[in-house]
Amino acid sequence: GENVEQHPSTLSVQEGDSAVIKCTYSDSASNYFPWYKQELGKRPQLIIDIRSNVGEKKDQRIAVTLNKTAKHFSLHITETQPEDSAVYFCAQRADSWGKLQFGAGTQVVVTP
Amino acid sequence: EAEVAQSPRYKITEKSQAVAFWCDPISGHATLYWYRQILGQGPELLVQFQDESVVDDSQLPKDRFSAERLKGVDSTLKIQPAELGDSAMYLCASSLGTGISEQYFGPGTRLTVT
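Throughout, residues of each chain are indexed from 1 in the direction in which the sequence is written. Here every chain gets a letter starting at A, and every ligand a number starting at 1, in the order they are written. Residue-level local features of this predicted model are given only where pLDDT is at least 70; pairs of side-chain atoms are given and counted only at 80 or more, and the full residue set underlies all totals for whole chains, interfaces and linings. Where side-chain values are given, they derive from all heavy atoms of the structure, hydrogens and water being excluded.

Caption draft 1: How the structure looks around the overall build of chain A. Numbering of helices and strands starts at the N terminus; helices are DSSP runs of H or I of at least 4 residues and strands are runs of E of at least 2. Scanning chain A from N- to C-terminus turns up zero helices and eleven strands. For chain A, the α and β elements follow one another from N to C terminus as β-β-β-β-β-β-β-β-β-β-β. The reference for a compact globule is 2.2 Å times residues^0.38; the radius of gyration itself is calculated from the C-alpha atoms. Computed over its C-alpha atoms, the radius of gyration of chain A comes to 13 Å, within 12% of the 13 Å expected for a compact globule of 112 residues. Within chain A, the fraction of its 112 residues that count as buried is 44%. A simple rule labels every residue: compare its accessible area, found with a 1.4 Å probe on the protein chains alone, to the largest value its type can have, and call it buried under 20%, exposed over 50%, or partly exposed in between.

Caption draft 2: Expanded view of the sheet that holds strand E1 (residues 4–7) of chain A. Residues and elements named next belong to chain A. Reading across the sheet, the five strands line up as E1-E3-E8-E7-E6 and stay open at both edges, with antiparallel pairing between neighbours. Lying at the two open borders of the sheet, with one neighbouring strand each, are E1 and strand E6 (56–59). Across this sheet, the average inter-strand angle for adjacent strands is 15°, counted without regard to direction. Two strands qualify as a pair provided that DSSP identifies no fewer than 2 bridges between them. Alignment of strand E7 (residues 62–67) against strand E8 (residues 72–77), held across six bridges, turns out to be antiparallel. Residue Asn67 lies in a different strand from E8, and its bridge partner there is His72. Lines fitted to C-alpha atoms define the axes, with helix axes restricted to the stretch in contact, and inter-axis angles between N-to-C directions lie between 0 and 180 degrees.

Caption draft 3: Region of interest: the state of the cysteines. A pair of sulfur atoms, both from cysteines and within 2.5 Å, is called a disulfide here. In the structure shown here, the tally under the stated rule is two disulfides over all chains. Two residues share a disulfide in this structure: Cys23 of chain A and Cys90 of chain A, whose sulfurs sit 2.0 Å from each other. The sign of the S-S torsion, about -100°, decides the handedness of the disulfide formed by Cys23 of chain A and Cys90 of chain A: left-handed. Placement of the pair is Cys23 of chain A in strand E3 (residues 19–25) and Cys90 of chain A in strand E9 (residues 86–93), with a sequence separation of 67 residues. Exposure remark for Cys23 of chain A: the relative accessible area of 0% places this residue in the buried category. Between the sulfur atoms of Cys23 of chain B and its disulfide partner Cys92 of chain B the distance amounts to 1.9 Å. Here Cys23 of chain B and Cys92 of chain B share a disulfide; its torsion about the S-S bond, -70°, makes the bridge left-handed. Residue Cys23 of chain B is found in strand E3 (residues 19–24), and its partner Cys92 of chain B is found in strand E9 (residues 88–95); the two are separated by 69 residues along the sequence. Here Cys23 of chain B matches Cys92 of chain B in class, with each residue buried.

Caption draft 4: Region of interest: the interface of chain B and chain A. In this description, contact between two residues means that some pair of their heavy atoms is separated by no more than 4.5 Å. Every contact between the two is made by 26 residues of chain B and, on the other side, 22 residues of chain A. Defined in terms of a 1.4 Å probe, buried area is the accessible area two parts forfeit on being brought together, summed over both. When chain B packs against chain A, the two sides together hide about 1900 Å² of surface, and 53% of this comes from carbon and sulfur. When a carboxyl oxygen of Asp or Glu lies within 4 Å of a side-chain nitrogen of Lys or Arg, that pair is called a salt bridge. Summed over the shared surface of chain B and chain A, the result is two salt bridges. The residue Glu3 of chain B makes a salt bridge to Arg43 of chain A at a minimum N-O spacing of 3.5 Å. Polar contact is defined as a pair of N or O atoms within 3.5 Å, subject to the rule that within protein one atom must be able to donate a hydrogen and the other to accept it, and that residues adjacent in sequence are counted only when both atoms are side-chain atoms. Linking chain B with chain A are six residue pairs in polar contact (both at pLDDT 80 or more), by the criterion used here. Within the residue set of the side of chain B that touches chain A, elements represented by two or more residues are strand E4 (31–37), strand E5 (44–50) and strand E6 (53–56) of chain B. With four residues, the top contributor of residues to the side of chain B that touches chain A is E5 of chain B. Each residue gets one of three labels, nonpolar for Ala, Val, Leu, Ile, Met, Phe, Trp, Tyr, Cys and Pro, charged for Asp, Glu, Lys and Arg, and polar for the others, Gly among them. Residues that form the side of chain B that touches chain A fall into these classes: ten nonpolar, eleven polar and five charged.

Caption draft 5: Representation of the side chain of Gln50 of chain B. By the element assignment, Gln50 of chain B lies in strand E5. A distance of 2.6 Å separates polar atoms of two side chains, one belonging to Gln50 of chain B and the other to Thr31 of chain B. Apart from the residues within four sequence positions on either side, Gln50 of chain B is in contact with Trp97 of chain A together with Ala30, Thr31, Val55, Arg69 and Thr98 of chain B.

Caption draft 6: Fine view of the nonpolar core. Residue and element names in this part refer to chain A. What makes a nonpolar core is a set of buried Ala, Val, Leu, Ile, Met, Phe, Trp, Tyr and Cys residues whose side-chain atoms join them at distances within 4.5 Å. Ranked by internal contacts, the top residues of the largest apolar core, which has 22 residues, are Ile21, Trp35, Phe73, Leu75 and Tyr88. At the level of elements, strand E2 (10–14), E3, strand E4 (32–38), strand E5 (45–51), E7, E8, E9 and strand E11 (106–111) are the ones that each hand at least two residues to this core. For this core, the element with the highest residue contribution is E3, accounting for four residues.

Caption draft 7: Structural context of the sheet that holds strand E7 (residues 65–68) of chain B. Residues and elements named next belong to chain B. Strand order in this open sheet of four strands is E1-E3-E8-E7, and the pairing throughout is antiparallel. If you trace the sheet from one side to the other, it starts and ends with strand E1 (5–7) and E7, each paired once. Mean inter-strand twist for the sheet, computed between neighbouring axes without regard to direction, equals 15°. With four bridges connecting them, E7 and strand E8 (residues 75–79) associate as antiparallel partners. Note that in E8 the partner of Ser66 across the bridge is Lys78.

Right under this line is the structure:
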């Protein structure tokens, strides 16, 4: 079963607005938190990741924040565009071999 | 840009039949992962290889699933016999190494068991 809880399961936003997806985890030893974007019928693709020694990371319109004390991390998408519509998955590295545990995904729909 | 290759892309099989999936990782990637993704859920790791060795198969239903990576390059995942509940997307991913190393996913094989 998943040790990463992801919310919300669906998110509908107006073009230009911001979208926020939150994930919580239970393993205090987790030290790597990637986010994947999966468009319909396509492979998951890494869009941003953060390591446990960093609290925030930005890449253009995408940012990720990490709160290790509270064991949660969030994806922020600003100025959303229709091409941002996809399913987004958070994940955490579960062991030293690199195994990732994924959240259940968030379906983001950006309406023009 | 190098990508992970998988075949077939789609497979329909009857229950109790055998089915096999193939994955070719990005050249030079030592670590290879097989994930199962049920519709509406995140990928779940089935088996992980480091070169030709299995390092994690704790979630692999070993009574019917098997995986190999004989020469430490491409890999095959087999199901025998297939069951209705095996219908899912089977994703292969690879990375340079273990630990904190980006995983690159293949396009997946969509399996439907009838």
